[in-house]
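# Notes for the structure review
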Amino acid sequence: MKRIVNFSSFNVFSIEKEVWDIEYHNHNFYELIVVESGKGTHHLNGLTFMYKKGDVFLLRPSDAHEFSIKNKTKFIYIKFTEQQLWEKLQSDKKSKLSKVIQLLMEDRSFVYESAIRNKADQEHLLQLARILLYEFSNKSYYSRETSADLFSAIMTIVIRNAMNNGGMERISQGLNQTEKILYYINVHAMDPDKMKLEYLAREFMLSPNYISIYIKKQTGFSVQQHVMQQKMKAAERLLKQSNYNINEIADQLGFNDASHFNKIFRAHKSKSPSAFRKED
């Protein structure tokens, strides 16, 4: 099966096809697909069902899919990473909706049909997706900020529909304790206060000593090793996708200085950050 790899943390574009010519595939990113026009069938993880104008599909990296087109179809694609979602979703919404977002991003809670059932929400989301496509493509003044706000609004509508479709009842099921802790680390790895063992232990109602021993026993890696893995993933993205210099990246990721960052990155990738950045 083909795997499509995208090194950009956020991308918005549209395609129009009469015949689907992309083989069955999955990705290394999350994908929100909005059907702007047309109809056909969607083959997703071995299941097949109809799609039509206004349908919205949220795909995780592990999901494999392809379309069969009956009437010429125009799709709007919004591709993003998990980190992008948490960075761009407005801060006042994060605390209120964090558990529902967690539900949305987990394979166990997968919704195969359209993520938007409400007719008015379908129309509103389609309008927002069209405006987002315009803002993202035209790069005018404040387009970046406007795109972030539009993405936040779109994801909030998706979250609202998940809540209305029984999402709240499923939140307490799904993840085991280890998965919940690792998901929390994944999301908050860049927040030094939330990564303190005392804070983490309080969040999961465990003692600081026990949570450290527990994660090491369950995964083979310490809490700090998991945090560092997330920082190195972020470092790789910043080196390839941003114009920040090494000192700025080190500062963003919470390292004491560039020398410390260089040492850790070299141990992780067997090359310096500068050498990694120069690679194709």
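Per-chain numbering applies: the sequence of each chain, read as written, is numbered from 1 onward. The model is predicted, so local features are restricted to residues of pLDDT at least 70 and side-chain atom pairs to those at 80 or more, both for listing and for counting; the totals for chains, interfaces and linings are taken over all residues. The basis for every side-chain value is the complete set of non-hydrogen atoms in the structure, without hydrogens or water.

In this text, helices come from DSSP runs of H or I with a minimum length of four residues, and strands from runs of E with a minimum of two, each type numbered from the N-terminal end. Counting its secondary structure elements, the chain contains eleven helices and seven strands. Exposure categories follow from relative accessible area, calculated using a 1.4 Å probe and restricted to protein chains: below 20% of the type maximum is buried, above 50% is exposed, and the middle band is partly exposed. Counting all 280 residues of the chain, 44% fall into the buried class. Within the structure as shown, the chain displays about 15100 Å² of accessible surface, and the carbon and sulfur contribution to it stands at 49%. Only the protein chains shown count as covering a residue, and every accessible area follows the Shrake-Rupley method with a 1.4 Å probe.

By convention, a stacked pair of Phe, Tyr or Trp rings (six-membered ring in the case of Trp) has centres within 6.5 Å and planes under 30 degrees apart, an edge-to-face pair has planes over 60 apart, and any other such pair is tilted. Considering all chains together, one arrives at 17 aromatic pairs under this definition. The interplanar angle of 50° and the centroid separation of 6.1 Å between the aromatic rings of Phe-49 and Phe-57 together place this pair among those described as tilted. Here a set of aromatic residues connected by ring pairs shows up, and it is made of Phe-13, Trp-20, Phe-49, Tyr-51, Phe-57, Phe-67, Phe-75 and Tyr-77. In this scheme, Lys NZ or Arg CZ marks a charge over a ring once it lies within 6 Å of the ring centre and within 35 degrees of the ring normal. Looking at Arg-202, its charged tip hangs above the ring of Tyr-199, at a distance of 5.2 Å from the centre.

Turning our eyes to something else, we now look at helix 3 (residues 119–138). By definition here, a helix of n residues has an expected span of 1.5 Å times n minus one. Between its first and last C-alpha atoms helix 3 spans 29 Å; for 20 residues at 1.5 Å apiece the expected length is 28 Å, and the two agree. Asp-121, Gln-122, Leu-125, Leu-126, Leu-128, Ala-129, Leu-132, Leu-133, Glu-135 and Phe-136 are the residues of helix 3 that are buried. In protein, a polar contact means a hydrogen-donor-capable atom and an acceptor-capable atom, both N or O and within 3.5 Å, with residues adjacent in sequence counting only if both atoms are side-chain atoms; elsewhere, any N or O pair within 3.5 Å suffices. For helix 3, the N-terminal cap is Asn-118; the gap from its side-chain oxygen to the backbone nitrogen of Ala-120 is 3.0 Å. Lys-139 sits one or two positions beyond helix 3 and adopts a positive phi of about 55°.

Known as pLDDT, the predictor's per-residue confidence is scaled from 0 to 100. Summing up the model confidence of the chain, the mean pLDDT is 83 and the portion of residues at 70 or higher is 83%. Confidence drops under a pLDDT of 50 for residues 167–172, and excluding neighbours within four residues, the segment shows eleven contacts in the predicted structure. In what follows, residue pairs with any heavy atoms lying within 4.5 Å of each other are defined as contacts.

A word on the packing of helix 8 (residues 223–241) against helix 10 (residues 258–269). The N-to-C vectors of helix 8 and helix 10 enclose an angle of 95°; their axes lie 11 Å apart at closest approach. For the element pair helix 8 / helix 10, the angle class is roughly perpendicular. Residue-level inspection shows Met-228, Met-232, Ala-235, Glu-236 and Leu-239 of helix 8 in contact with helix 10, the latter providing Phe-261, Ile-264, Phe-265, His-268 and Lys-269. Only Asp, Glu, Lys and Arg are considered charged in this grouping, and only Ala, Val, Leu, Ile, Met, Phe, Trp, Tyr, Cys and Pro are considered nonpolar; every other residue, Gly among them, is considered polar. Split by residue class, the contact of helix 8 with helix 10 holds seven nonpolar, one polar and two charged. A fitted line through C-alpha atoms serves as each axis, taken over the contacting stretch for helices, and the angle formed by two N-to-C directions is quoted from 0 to 180°. Under this scheme an angle from 65 to 115 degrees is roughly perpendicular, one under 35 degrees roughly parallel, and one over 145 degrees roughly antiparallel; angles in between are oblique.

Structurally, Ile-4 is set in strand 1 (residues 2–4). For the pair Ile-4 and His-27, spaced 23 residues apart in the sequence, the C-alpha separation amounts to 4.7 Å. The contacts of Ile-4, once residues within four sequence positions are left out, are Ile-22, His-25, Asn-26, His-27, Asn-28 and Phe-29.

Looking along a regular strand, one sees side chains alternate from face to face of the sheet. A large share of strand 4 (residues 30–44) lies buried, amounting to twelve of its 15 residues. Two strands form a pair only when DSSP identifies at least two bridges running between them. Inspection of the sheet shows strand 4 paired to strand 6 (residues 56–59) by four bridges, in the antiparallel sense. Paired with Leu-32 across the two strands is Leu-58, which belongs to strand 6. Pairing of strand 4 with strand 5 (residues 47–51), which is carried by five bridges, proceeds in the antiparallel orientation.

With that out of the way, let us pick up the side chain of Thr-41. On the secondary structure map, Thr-41 appears in strand 4. If we skip the residues at most four places from it in the chain, Thr-41 touches Thr-48, Phe-49, Met-50, Tyr-51, Glu-66, Phe-67 and Ser-68.

To define a nonpolar core, start from buried Ala, Val, Leu, Ile, Met, Phe, Trp, Tyr and Cys residues and group those joined through side-chain atoms within 4.5 Å. With 26 residues, the main nonpolar core has Phe-10, Val-12, Leu-32, Ile-78, Phe-80, Leu-125 and Ile-154 as its most contacted residues. When residues of this core are traced back to their parent elements, those giving at least two are strand 2 (10–17), strand 4, strand 6, strand 7 (65–80), helix 3 and helix 4 (143–171). Considering every element that reaches this core, the biggest residue donor is helix 3, with seven residues. By size, the runner-up hydrophobic cluster in this structure holds 14 residues, among which are Met-232, Ala-234, Ala-250 and Phe-265.

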